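# A structural walkthrough
For reference, the chains in residue letters:
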Amino acid sequence: MIPLINIVFLLLIFFMVAGQIKAQPDQAITLPSTAQLESAQAQTLRLELFADGQLMLNGELIEVASLKSKIDLESAGSIALFADARVTAKQLDELLSEFANTPQWSIELYTLEK
Amino acid sequence: MIHMDSLGSGGRRAKPISLTALIDVVFILLMFFMLTSSFSQWQMLELSVPTSSEQAEQDAPPVLIVYENEFALLTDVIKRPVSLKSVLLELSGAVNKPLVISGEESVTLARLLNVYEQMQILGFKHLQIGQSISEKSE
């Protein structure tokens, strides 16, 4: 019994120290993997772009056109974009065009480190 | 007769911690941390927001158009799709200048990022992912 609880304690401490608890993007999204980009910091606003073009803002399914009504684009801020690796350049463009002429916003595309 | 060292402050006997209950709690904590923690690291790339100023159009950097299998450079020299090698020959010596990487509409994000990283390895310092380019407009 004692050696068992020792091992369980060690495992617990390993997962507590080495693991990170962070909000993951939706299961359906496969993030593209990269090796050269800079490491990311967590953002409060998160957009998730699915392979079929669906969009989620902080876990809530929204239309691309209604993005402007959900975010105050006049103020400055940064947003984390979790886009599926299969998203096409056109779909990405449609999303970015919603942020047109708002240089005070920074859109950070998140990828998975290889 | 009760020994003094087994007495609590109130004179009652101190109960030993039940090992079974303790291991139950520790197991639950272990399960929680195993299931919720992740070891994957994220990287990020700042996307440029489209702007419509005349100034930006005047000093526009060269655009590398990425197709499914080929490349093209949006300059007067190369407009038809060619290999990456030909594009690099054209761009050699311009690694310190800005370069925009744009995908043809159906090109995936994974492919765009792959090209972005390849150009980064080759030494290009001012890279940007640009707006997609439709085949019809060429």
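Up top is the structure.
Let us look at the structure shown here. For clarity, every value in this text was computed on a predicted model and none was experimentally measured. (Residues numbered from 1 in each chain as written. Chains lettered and ligands numbered in written order. Predicted model: local features only at pLDDT ≥ 70, side-chain atom pairs only at ≥ 80, totals over all residues. Heavy atoms only, no water.)

A separate point is the packing of aromatic side chains. Across all of its chains, the model carries eight aromatic pairs over all chains by this definition. Here the aromatic rings of Phe14 of chain A and Phe15 of chain A are separated by 5.2 Å at their centres, their planes lie at 80°, and the arrangement is edge-to-face. Classification of Phe14 of chain A as partly exposed rests on a relative accessible area of 45%. Owing to a relative accessible area of 13%, Phe15 of chain A belongs among the buried residues under this scheme. Connected via pairs of aromatic rings, a cluster forms that spans Phe14 and Phe15 of chain A together with Phe39 of chain B. Here the basic side chain of Lys22 of chain A rests over the ring of Trp42 of chain B, its NZ or CZ set 4.4 Å away from the ring centre. (Phe/Tyr/Trp six-rings, centres within 6.5 Å; stacked < 30°, edge-to-face > 60°. Buried < 20%, exposed > 50% of the residue type's maximum accessible area, 1.4 Å probe, protein only. Lys NZ or Arg CZ within 6 Å of the ring centre and 35° of its normal.)

Taken together, the contact pairs 57 residues of chain A with 45 residues of chain B. Together chain A and chain B conceal approximately 4700 Å² of surface at their shared face, both sides included; 69% is due to carbon and sulfur atoms. The three residues of chain A that bury the most area against chain B are Phe15, Leu37 and Leu109 of chain A, which together make up 13% of that side's buried surface. On inspection of chain A and its partner chain B, the count reaches zero salt bridges. Between chain A and chain B we count 19 residue pairs in polar contact (both at pLDDT 80 or more) in total. Mapped onto the side of chain A that touches chain B, the elements with two or more residues apiece are helix H1 (2-18), strand E1 (33-34), strand E2 (38-39), strand E6 (77-83), helix H3 (89-96) and strand E7 (105-113) of chain A. Per-element accounting of the side of chain A that touches chain B gives the leading share, eleven residues, to H1 of chain A. Its residues assigned to classes, the side of chain A that touches chain B shows 35 nonpolar, 13 polar and nine charged. Note that E7 of chain A and strand E1 (residues 42-47) of chain B share six bridges and pair antiparallel. Across the sheet, the residue bridging to Leu112 of chain A is Trp42 of chain B, located in E1 of chain B. (Contact = heavy atoms within 4.5 Å. Buried area = accessible area lost by both parts, 1.4 Å probe. Salt bridge = Lys/Arg side-chain N within 4 Å of Asp/Glu carboxyl O. Polar contact = N/O pair within 3.5 Å; in protein donor to acceptor, adjacent residues only side chain to side chain. Helix = DSSP H or I, 4+ residues; strand = E, 2+ residues; numbered from the N terminus. Nonpolar A, V, L, I, M, F, W, Y, C, P; charged D, E, K, R; others polar. Pairing = 2+ DSSP bridges.)

Residue and element names in this part refer to chain B. Where helix H3 (residues 84-91) is concerned, the buried positions are Leu84, Val87 and Leu91. All buried residues of H3 fall inside an arc of 60° around its axis, so they share one side. Structural note: H3 exposes Lys85 and Leu89 on the side pointing more than 90 degrees away from its buried face. Looking at the buried residues of H3, the elements they touch are strand E2 (63-66), strand E3 (71-73), strand E4 (99-103) and helix H4 (109-121). Gly93 sits one or two residues past H3 and shows a positive phi near 90°. (Arc of directions from axis to C-beta.)

For E1 of chain B, the buried fraction is high: five of the six residues fall into the buried class. Bridge analysis of E2 of chain A against E1 of chain B gives two bridges, and the strand direction is antiparallel. Note on E1 of chain B: the bridge partner recorded for Ser39 of chain A is Gln43 of chain B.

Residues and elements named next belong to chain B. With respect to the secondary-structure elements, Val82 resides in the loop between E3 and H3. In the structure, Val82 is positioned twelve residues away from Glu70 in sequence and 5.8 Å away in space, judged by C-alpha atoms. Apart from residues no more than four positions distant in its own chain, Val82 is found in contact with Glu70, Phe71 and Val87.

Further remarks concern the pattern of salt bridges. All names here are of chain A. Tallied over the entire structure, the rule returns three salt bridges over all chains. With a closest N to O distance of 2.9 Å, Asp84 and Arg86 form a salt bridge. Residue classification places Asp84 among the buried positions, given a relative accessible area of 0%.

A few words on a nonpolar patch on the surface. On the surface, Met1, Ile2 and Leu4 of chain A together with Phe27, Met31, Met34 and Leu35 of chain B cluster together into a nonpolar patch covering about 700 Å² of accessible area. Those elements that provide at least two residues to the nonpolar patch are H1 of chain A together with helix H1 (19-36) of chain B. Considering the arrangement of structural elements, one finds Ile2 of chain A in helix H1. (Patch = residues over 30% accessible without salt bridge, like charges linked within 9 Å, V, L, I, M, F, W, Y side chains within 5 Å. Areas by Shrake-Rupley, 256 points an atom, 1.4 Å probe, with all protein chains shown as cover.)

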